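Architecture at a glance
Read off the chains here:
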Amino acid sequence: MSDTPAKSHGRKAIRPTLKPRELMTPTPDLVGVWKAKIITLFPTAFPGVLGESLTGKALQEGLWQLETVDLREFGIGKHRNVDDTPAGGGAGMVLRADVLGAAIEQAMVGVQGNWPLIYLSPRGRPMDQTLMQNLARCDGVTLLCGRFEGVDERVLDHYGVQEVSLGDFVMTGGEIAAQALIDATVRLIPGVLGNQASAEEESFSSGLLEHPQYTRPAEWQGRPIPEVLMSGHHGRIADWRHRMSEEITKARRPDLWARHQQAKDGETD
């Protein structure tokens, strides 16, 4: 009896196994389903945490798709080299233009509609909720995970690649940043969270940080739940939560608070 899982047709249900790539075995594209393609030297890093919890369940149910493109398969020569020394000298290695070009061409076969090509790079625009909302409205996204000292600049120019950053720090590669971007985007796809209100009420959705949350027990370590939350008065609760969101945002993220104030001023003009 074969250990190979049987393939089905239509909206394929993909079962999780101990082998992470089993969630991404080649399958027909599902019409109208958002898809992430990842160009990486480490395809076995996926789905990683994306195969767990709600994102993993949604992946199994065909609410989104995931495909990896192994950059090593496009390497040059006997040892499939993917990098070379920097032109002009310097430390480290740079991913080759010819290798990356071939991988990107392969990854973009069959791509239609609004489908950004993104390079995870510390010099890119910072990830934020607006970016994720825009990506969730796309047909899919192709992510290029860099390694070493980066990629040949000609590739970014030739393909009009967007650069996106996880934060103002440097990592050894783009795989973790790619997983963060996919997670933050996929959860905005209808049906993934189950309760769409969860996505609408959380941090950044209104331009503010989220209000404090509480649950049982009613008192813990001498700390009670705020009385208003136990009142059952939905109007007072909504007002309290909004006020807390404003206070937290103003104290912790003055940059967000300034943008929020500007937006409010614009609405009143």
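Predicted model only: the values in this text are computed from it and were never measured.

1. Points about the confidence of the model for the chain
For the chain, per-residue confidence averages 89 on the pLDDT scale, and 86% of positions sit at 70 or higher. Here residues 1–25 scores under 50 on pLDDT; set against residues more than four positions off or in separate chains, the count is 41 contacts.

2. Topic: the side chain of Asp83
Inspection of the secondary structure assignment puts Asp83 in strand β3 (residues 83–84). One buried charged residue, Asp83, remains without a salt bridge, the closest side chain of opposite sign being Arg72 at 5.7 Å. In this structure Asp83 touches Met93, Val94, Leu95, Arg96 and Phe148, once residues within four positions along its chain are discounted.

3. Let's talk about helix α1 (residues 53–60)
For α1, the set of buried residues is Thr55, Gly56, Ala58, Leu59 and Gln60. Of the surrounding elements, those touching the buried residues of α1 are β2 (64–70) and α5 (175–186). Phi turns positive, to about 80°, at Gly62, one or two residues after α1.

4. Things to note about the sheet that holds β2
The parallel open sheet is built from five strands, whose spatial order is β2-β1-β6-β5-β7. Both edges of this open sheet fall to β2 and β7 (162–165), since each of them pairs with a single strand only. Neighbour-to-neighbour, the strand axes of the sheet open up by a mean angle of 35°, direction not taken into account. As defined by bridge partners, strand β1 (residues 34–40) adjoins β2 across seven bridges and the pair is classed as parallel. The partner of Lys37 across the bridge, within β2, is Glu67.

5. So, the environment of Glu105
In this structure, Glu105 sits in helix α2 (residues 97–107). Between the C-alpha atoms of Glu105 and Tyr159, which are 54 residues apart in sequence, the distance is 9.6 Å.

6. A word on unusual backbone geometry
That bond from Phe46 to Pro47 is cis: its omega, 5°, falls within 30 degrees of zero. With respect to the helices, strands and loops of the structure, Pro47 is situated in the loop between β1 and α1. Geometrically, the link from Arg216 to Pro217 is a cis peptide bond, its omega value of 0° lying close to zero. A positive phi angle, near 50°, is found at Ser53, a position not held by glycine. Secondary-structure assignment places Ser53 in helix α1. Relative accessible area serves as the criterion here: at 63%, Ser53 is assigned to the exposed category.

7. Comments concerning the layout of surface pockets
To locate leftover empty space, one rolls a probe as large as a water molecule over the atoms. Of the voids in this model, the second largest pocket is the one considered here, and its volume is about 400 Å³. Lining the second largest pocket are 25 residues, with Tyr119, Leu120, Ser121, Pro122 and Gly150 positioned closest to its centre. Listing elements by their share of the lining of the second largest pocket, those giving two or more residues are β5 (117–126), α4 (153–159) and β7. The leading source of residues in the lining of the second largest pocket is β5, at five residues. Residues that form the lining of the second largest pocket fall into these classes: twelve nonpolar, eight polar and five charged.

8. Comments concerning the side chain of Ser245
Positionally, Ser245 belongs in helix α7 (residues 234–252). Residue classification places Ser245 among the buried residues on the basis of a relative accessible area of 8%. Only 3.1 Å separates the side chain of Ser245 from the backbone oxygen of Leu209, close enough to count as a polar contact. For Ser245, the contacting residues outside a window of four places in its chain are Leu208, Leu209, Glu210 and His211.

Rules and cut-offs
Residues numbered from 1 in each chain as written. Predicted model: local features only at pLDDT ≥ 70, side-chain atom pairs only at ≥ 80, totals over all residues. Heavy atoms only, no water. pLDDT = per-residue confidence, 0-100. Contact = heavy atoms within 4.5 Å. Helix = DSSP H or I, 4+ residues; strand = E, 2+ residues; numbered from the N terminus. Buried < 20%, exposed > 50% of the residue type's maximum accessible area, 1.4 Å probe, protein only. Lys, Arg positive; Asp, Glu negative; His and termini not counted. Salt bridge = Lys/Arg side-chain N within 4 Å of Asp/Glu carboxyl O. Pairing = 2+ DSSP bridges. Axes fitted to C-alpha atoms, helices over the stretch in contact; angles between N-to-C directions. 1 Å grid on protein atoms, 1.4 Å probe; cavity = no way out; pocket = protein on both sides within 12 Å on 5 of 7 lines; lining within 4 Å. Points joined across faces, edges and corners; volume = space filled by probe spheres on them. Nonpolar A, V, L, I, M, F, W, Y, C, P; charged D, E, K, R; others polar. Polar contact = N/O pair within 3.5 Å; in protein donor to acceptor, adjacent residues only side chain to side chain.

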